[in-house]
Amino acid sequence: MNLEDAMALLDYHYWARDRMLDAVEVLAPEQYTRDLGNSFTSVRDTVVHLYFAEWAWYSRWTGNSPTTSLSSGHFPDVASIRLVWKSQEEKIRLFVGILGASDELGRLFEYRLMNGDEAKSVFWHMLQHVVNHASYHRGQVTTMLRQLGAPAPKPQDLIRFYRERTPRVH
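These lines cover the structure that appears in this document, whether it is placed above or below. Keep in mind that this is a model prediction, so the values were computed, not measured. (Residues numbered from 1 in each chain as written. Predicted model: local features only at pLDDT ≥ 70, side-chain atom pairs only at ≥ 80, totals over all residues. Heavy atoms only, no water.)

1. Brief notes about the overall build of the protein
Note the following rule: Starting at the N terminus, helices and strands are each numbered in turn, a helix being any DSSP run of H or I of at least four residues and a strand any DSSP run of E of at least two. Just to be clear, the radius of gyration here is over C-alpha atoms, and the globule rule we use is 2.2 Å times residues to the power 0.38. The cut-offs for exposure are 20% and 50% of the maximum accessible area for each residue type, with area from a 1.4 Å probe on protein chains only; residues under the lower value are buried, those over the upper are exposed, and the others partly exposed. Residue contacts follow a heavy-atom distance rule, with two residues in contact if any of their heavy atoms lie within 4.5 Å.
The helix and strand inventory of the protein stands at six helices and two strands. Reading the protein from its N end, one meets helices and strands in the order α-α-α-α-β-β-α-α. At 17 Å, the protein has a C-alpha radius of gyration in line with the 15 Å of a compact globule built from 170 residues. Expressed along its principal axes, the backbone C-alpha trace of the protein runs to roughly 55 × 45 × 25 Å. Counting all 170 residues of the protein, 46% fall into the buried class. Taking all contacts inside the protein whose residues are at least 6 apart in sequence as the whole, residues at least 24 apart take part in 72%.

2. Details of the pairing of strand E2 (residues 118–122)
For clarity, the cut-off: At least two DSSP bridges between two strands are required for those strands to pair.
Side chains Ala119 and Ser121 project from E2 onto a buried face, and the interleaved Glu118, Lys120 and Val122 project onto a face without burial. Here strand E1 (residues 108–112) runs beside E2; their pairing, made up of five bridges, is antiparallel. Following the sheet pairing, leucine 108 is matched in E2 by valine 122. Where E1 hands over to E2, the hairpin turn is made up of five residues, of which glycine 116 adopts a positive phi near 95°.

3. A word on the packing of helix H1 (residues 3–24) against helix H4 (residues 78–101)
Put simply, the test is: Lines fitted to C-alpha atoms define the axes, with helix axes restricted to the stretch in contact, and inter-axis angles between N-to-C directions lie between 0 and 180 degrees. In these notes the angle categories are as follows: under 35 degrees is roughly parallel, over 145 is roughly antiparallel, 65 to 115 is roughly perpendicular, and the rest is oblique. Each residue gets one label: Ala, Val, Leu, Ile, Met, Phe, Trp, Tyr, Cys and Pro are nonpolar, Asp, Glu, Lys and Arg are charged, and the others, such as Gly, are polar.
Interaxial distance between H1 and H4 falls to 10 Å at its minimum, and their mutual angle equals 175°. In terms of their interaxial angle, H1 and H4 are classed as roughly antiparallel. Contacts between H1 and H4 involve Leu3, Ala6, Met7, Leu10, Asp11, Tyr14, Arg17, Asp18, Met20, Leu21, Asp22 and Val24 from the first element and Val78, Ile81, Arg82, Trp85, Lys86, Glu89, Ile92, Arg93, Val96, Gly97, Gly100 and Ala101 from the second. Residues that form the contact of H1 with H4 fall into these classes: 14 nonpolar, two polar and eight charged.

4. Description of the side chain of glutamate 54
Which entries qualify depends on this criterion: Note on charges: Lys and Arg go in the positive column, Asp and Glu in the negative column, and His and the chain ends are not counted at all. For salt bridges, the criterion is a side-chain nitrogen of Lys or Arg within 4 Å of an Asp or Glu carboxyl oxygen. Side-chain atoms alone can form a polar contact between residues adjacent in sequence; in general such a contact is a pair of N or O atoms within 3.5 Å, and within protein one must be able to donate a hydrogen while the other accepts it.
Residue placement: glutamate 54 occurs in helix H3 (residues 43–61). Here glutamate 54 occupies a buried position and makes no salt bridge, while the nearest side chain of opposite charge, arginine 17, is found at 5.4 Å. Separated by 2.6 Å, the side chains of glutamate 54 and histidine 13 make a polar contact.

5. Observations concerning unusual backbone geometry
Residue threonine 41 is not a glycine yet carries a positive backbone phi of 45°. The topology assignment puts threonine 41 in the loop between helix H2 (29–33) and H3. At aspartate 103, a position not held by glycine, the phi torsion is positive, near 55°. The class of aspartate 103 is exposed, set by a relative accessible area of 72%.

6. Digging into the packing of aromatic side chains
Stated precisely, the cut-off is as follows: For Phe, Tyr and Trp, where Trp contributes only its six-membered ring, two rings pair if their centres lie within 6.5 Å, and the inter-plane angle classes them as stacked under 30 degrees, edge-to-face over 60, or tilted in between.
Applying the stated rule across the entire model yields 14 aromatic pairs. Between tyrosine 58 and phenylalanine 95 the ring centres are 6.0 Å apart and the planes differ by 80°, which places this aromatic pair in the edge-to-face class. Of this pair, tyrosine 58 sits in helix H3 while phenylalanine 95 is found in helix H4, placing the two residues 37 residues apart along the sequence. The buried category is assigned to tyrosine 58, whose relative accessible area is 17%. An angle of 55° between the planes, with centres 6.2 Å apart, marks the rings of phenylalanine 95 and phenylalanine 109 as tilted. With a gap of 14 residues between them, phenylalanine 95 in helix H4 and phenylalanine 109 in strand E1 connect regions that are remote in the sequence. Summarising the burial analysis for this pair, phenylalanine 95 and phenylalanine 109 share the class buried. Joined through ring pairs, the aromatic side chains of Tyr58, Trp61, Phe95, Phe109 and Phe123 make up one cluster.

These figures come from the coordinates and say nothing about function on their own.
What follows is the structure in structure tokens.
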């Protein structure tokens, strides 16, 4: 993976995140926190998990391996999670840019898992994981929105992103 590919992956990731957050933003507070019996019970819990997972990977890349999750209670509404996530996006884009400019996207990182076990992974594998993990849970959010009778987000497929990003060739 080269820097251009990594940045395109991040562009997709944040484009899709914003589409999800835009759709979630219209929920009433009760809908946002309603237990729907999913992996992370509510829309809010799932959105916070997405943010936390990204934050945790960044923390590992910068030498700090978290051992506990964030509480969803810190994020009473979409605006509060959007604010911290935008800040996290800036950090990740800068970090990836520096690694890519130094030709270190293939660098091996050592870190600890949440349970304390040691692990090591190639950076670009972890970056792809962050994006893939988010896609999985954005799909869950889409299902929860439908369960709540709310409109689904705009399409978030990778090919849709590329179609919108690249002008048509005639």
